[in-house]
Amino acid sequence: MDIAEFDRFADEYTATHAGNIRLSGETPDYFARYKIEEMRRRWDAQARPEPSAVLDFGTGIGNSLPYLAKLFPGAAITGVDVSQRSLQVAAHRFPGVAHLLAYDGSAIPLEGGSFDLIFSACVFHHIDQAEHGAIFAELHRLLSPGGMMVVFEHNPVNPATRYIVATCPFDENAVLLPAAALKKSQAEAGFREVEVAYTGFFPGPLRALRPLERFMTALPVGAQYYTVARG
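Parameters at a glance
- Residues numbered from 1 in each chain as written.
- Predicted model: local features only at pLDDT ≥ 70, side-chain atom pairs only at ≥ 80, totals over all residues.
- Heavy atoms only, no water.
- Phe/Tyr/Trp six-rings, centres within 6.5 Å; stacked < 30°, edge-to-face > 60°.
- Helix = DSSP H or I, 4+ residues; strand = E, 2+ residues; numbered from the N terminus.
- Lys NZ or Arg CZ within 6 Å of the ring centre and 35° of its normal.
- Buried < 20%, exposed > 50% of the residue type's maximum accessible area, 1.4 Å probe, protein only.
- Salt bridge = Lys/Arg side-chain N within 4 Å of Asp/Glu carboxyl O.
- Pairing = 2+ DSSP bridges.
- Axes fitted to C-alpha atoms, helices over the stretch in contact; angles between N-to-C directions.

1. Describing the packing of aromatic side chains
For the structure on display, the rule yields 12 aromatic pairs. When the centroid spacing of 6.2 Å and the interplanar angle of 65° are considered together, the rings of Phe119 and Phe152 count as edge-to-face. Separated by 33 residues along the polypeptide, Phe119 in strand S4 (residues 115-121) and Phe152 in strand S5 (residues 143-154) bring together distant segments of the chain. When the centroid spacing of 4.4 Å and the interplanar angle of 10° are considered together, the rings of Phe124 and Phe136 count as stacked. Of this pair, Phe124 sits in the loop between S4 and helix H6 (132-142) while Phe136 sits in helix H6, placing them 12 residues apart in sequence. By way of ring pairs, the aromatic residues Tyr30, Phe31, Tyr34, Phe119, Phe152 and Tyr226 are connected into one cluster. Here Arg48 stacks its cationic end above the ring of Trp43, 5.0 Å away from the centre of that ring.

As structure tokens, then:
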């Protein structure tokens with residue numbers, strides 16, 4: 001998807017997304033929230049000090065911003081995106097929550113080592129895989145030494161995920177990424193200890209079973225996966 005496509009879908013993203021994921025039995029807010037909750041859990045499991053700065057790479061219309069602010073309350077939050085219109089929508093929805101910055105898809109105009117935590121939610125399947133190496137190198141530059149990066153993506157092995165992506169208008173040009181390919185790109189960009197974890201095993205009607213998911217992260221059949229990497 002190019003910048004013009006992101007701009008075109010910015011104003012209708014929430015309604016389109018809600019309709020597209022109806023099969024899951026959940027709302028866009030649920031999917032935004034659970035990612036940040038899982039990232040918070042992983043951060044705490046490593047007994048890390050509170051981050052002072054968090055980057056939301058590909059922040060879009062800002063769905064993750066209120067949850068980042070709530071669960072990392074001491075951190076200054078920055079959101080970057082290639083879509084000016086998406087950032088305008090995000091600023092209107094969540095005024096003052098984050099510093100929002102447009103960039104050209106290559107260099108991010110921020111100082112190296114600025115962030116203790118970098119987060120990205122389902123962005124890289126919209127970016128040509130040939131560009132991933134350079135983008136991860138740029139994110140590696142921005143991450144503080146020993147900092148954490150968490151990247152969520154759709155799992156191409158999961159049939160429900162494949163159906164939802166195939167029927168989503170703003171995923172028209174998306175190419176789903178195997179976890180091994182994403183992990184390889186990150187490692188080649190200099191990230192260390194890149195770990196893959198799977199999530200999204202139980203749809204809405206089975207939500208009572210979701211506490212079990214933290215014990216299932218090695219099973220490569222969840223609807224989504226995420227990588228955890230060190231700078």
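Right, picking up where we left off after that structure.
2. So, unusual backbone geometry
In this model, Ala47 sits at a positive phi of 50°, which is unusual for a non-glycine residue. Here Ala47 shows up in the loop between helix H3 (28-45) and strand S1 (53-57). Residue classification places Ala47 among the exposed residues on the basis of a relative accessible area of 67%. If you check the backbone angles, Glu193 has positive phi at about 50° while not being a glycine. Note that Glu193 resides in strand S6 (residues 192-199). Overall, Glu193 belongs to the exposed group, its relative accessible area being 54%.

3. Focus: the pattern of salt bridges
For side chains bearing opposite charge, pairing can occur when the charged atoms are close. If you walk through the whole model with that rule in mind, you get nine salt bridges. A salt bridge links Arg40 to Asp44; its shortest N-O distance comes to 2.6 Å. Highlighted residues: Arg40 and Asp44, both in helix H3, separated by four residues, approximately one helical turn. Note that Glu193 is salt-bridged to Arg230, the shortest N-O span being 2.9 Å.

4. Thoughts on the sheet that holds strand S7 (residues 224-230)
What the seven strands build is an open sheet, ordered S3-S2-S1-S4-S5-S7-S6; its pairing is mixed. For this open sheet the edge positions go to strand S3 (99-102) and S6, each flanked by a neighbour on one side alone. Taken over all neighbouring pairs, the strand axes of this sheet differ in orientation by 15° on average, direction set aside. Of the pairings in the sheet, the one linking S5 to S7 comprises seven bridges and is antiparallel in character. Residue pairing in the sheet places Met149 in a bridge with Ala229 of S7.

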